[in-house]
Amino acid sequence: IPVITIPAAITALNYYLIKIFQRGYNFEMIDYWTEFKQNLVKGIPFGLLFGMLFGYAYYLMSLSGNYRYYSMGSMIFGIGIAVFIIGACLSSYSFVLNAMLDLSCKNILKNASILMIVEWKTSVMVFMVHCISVFIIMSFMPYAILIYVLIGFSMQQLSACAMIVPIVMKRVVYPFENIDD
């Protein structure tokens, strides 16, 4: 069930946050539920892809402790960290693009990959937001779980939206708005 519901919930949250940026606080909760229902089926490929990507990163990082030679274990752990970084940044870009644009999953992933590489400074900042969230959770465990569930995840998504939306507007939306003129 999380493979189906989490991508739809993240997309709806990003849609909600983007509309709050654009219009202010006159965005209703019913709009969130409408967006959630619309992305329930569309989000399944994202859930499968990013679930497998994060699962593979976790597998590599946990596998690294099984090697007798330190260099081989370090290399496997580094590859696992790299897969996690790529997954975290790509998922952030993909969910924001999914909330902003009505494209197929293939096109969203293609555009997200291109934006992630071209706007590498923003990708580093997005990843730092993820790192700060993980650090806060690990620092204040088990009390941080309650805080993270209540406000942490939405603050993390708000930060990602605030960084990614201007890039998408500048590089994707604005250049194609004036084509008809």
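Conventions adopted
Residues numbered from 1 in each chain as written. Predicted model: local features only at pLDDT ≥ 70, side-chain atom pairs only at ≥ 80, totals over all residues. Heavy atoms only, no water. Phe/Tyr/Trp six-rings, centres within 6.5 Å; stacked < 30°, edge-to-face > 60°. Axes fitted to C-alpha atoms, helices over the stretch in contact; angles between N-to-C directions. Helix = DSSP H or I, 4+ residues; strand = E, 2+ residues; numbered from the N terminus. Parallel < 35°, antiparallel > 145°, perpendicular 65-115°, else oblique. Contact = heavy atoms within 4.5 Å. Nonpolar A, V, L, I, M, F, W, Y, C, P; charged D, E, K, R; others polar. Patch = residues over 30% accessible without salt bridge, like charges linked within 9 Å, V, L, I, M, F, W, Y side chains within 5 Å. Areas by Shrake-Rupley, 256 points an atom, 1.4 Å probe, with all protein chains shown as cover. Salt bridge = Lys/Arg side-chain N within 4 Å of Asp/Glu carboxyl O. Buried < 20%, exposed > 50% of the residue type's maximum accessible area, 1.4 Å probe, protein only. Expected span 1.5 Å × (residues − 1). Arc of directions from axis to C-beta. Core = buried A, V, L, I, M, F, W, Y, C linked by side-chain atoms within 4.5 Å.

**Description of the packing of aromatic side chains**
One pass over the structure, following the stated rule, counts eight aromatic pairs. Between the aromatic rings of Y32 and W33, the centroid separation amounts to 5.4 Å while the plane-to-plane angle is 80°, which identifies the pairing as edge-to-face.

**Details of the packing of helix α2 (residues 29–42) against helix α3 (residues 44–63)**
Their axes nearest at 5 Å, the elements α2 and α3 cross at an angle of 60°. The pairing of α2 with α3 is recorded here as oblique in orientation. Between α2 and α3, the contacting residues are L40, V41 and K42 on the first element and I44, P45 and F46 on the second. A breakdown of the residues in the contact of α2 with α3 according to their chemical character gives five nonpolar, no polar and one charged.

**Section: the packing of helix α4 (residues 70–100) against helix α6 (residues 120–139)**
As a packed pair, α4 and α6 sit with axes 9 Å apart at the nearest point and diverge in direction by 105°. On the basis of their axis angle, the class for α4 and α6 is roughly perpendicular. Contacts between α4 and α6 involve F84, I85, A88, C89, S92 and Y93 from the first element and T122, S123, V126, F127 and H130 from the second.

**Side note on a nonpolar patch on the surface**
On the surface, F21, V134, M138, M141, I145, L146, I147, V149, L150, I151, M155 and L158 cluster together into a nonpolar patch covering about 1,200 Å² of accessible area. For the nonpolar patch, the secondary-structure elements that each account for two or more residues are α6 and α7 (143–177). With eight residues, α7 is the largest single contributor of residues to the nonpolar patch. Structurally, I145 can be placed in helix α7. Taking the relative accessible area as the measure of exposure, I145 reaches 40% and is therefore partly exposed.

**Things to note about the side chain of S123**
Residue placement: S123 occurs in helix α6. Those residues in contact with S123 that lie beyond four places of it in its chain are C89, Y93 and M116.

**So, the environment of K19**
Among the structural elements, K19 can be located in helix α1 (residues 2–23). As a C-alpha pair, K19 and M100 span 81 residues in sequence and 9.6 Å in three-dimensional space.

**Here's the deal with α2**
Taking 1.5 Å per residue as the helical rise, α2 with its 14 residues ought to reach 20 Å, and the 21 Å between its terminal C-alpha atoms agrees with that figure. Restricting attention to buried positions, one finds in α2 the residues Y32, E35, F36 and N39. The buried side chains of α2 occupy one side of the element, clustering within an arc of 110° when seen end-on. In α2, those exposed residues whose orientation departs by more than 90 degrees from the buried face are I30, K37, Q38 and V41. The secondary structure elements touched by the buried residues of α2 are α1 and α4.

**Focus on the nonpolar core**
Generally speaking, nonpolar side chains in soluble globular proteins are found buried as a group. Within the largest apolar cluster, 38 residues are counted, with the highest numbers of intra-cluster contacts made by Y93, L97, L115, I164 and V168. Mapped by element, the contributors of at least two residues to this core are α1, α2, α3, α4, α5 (105–118), α6 and α7. Of all the elements, α7 adds the most residues to this core, at ten residues. Residues within four places of I164 in sequence aside, it is in contact with S92, Y93, V96 and V126. Counting five residues, the second largest nonpolar core, distinct from the first, contains A57, L60, L63 and I76.

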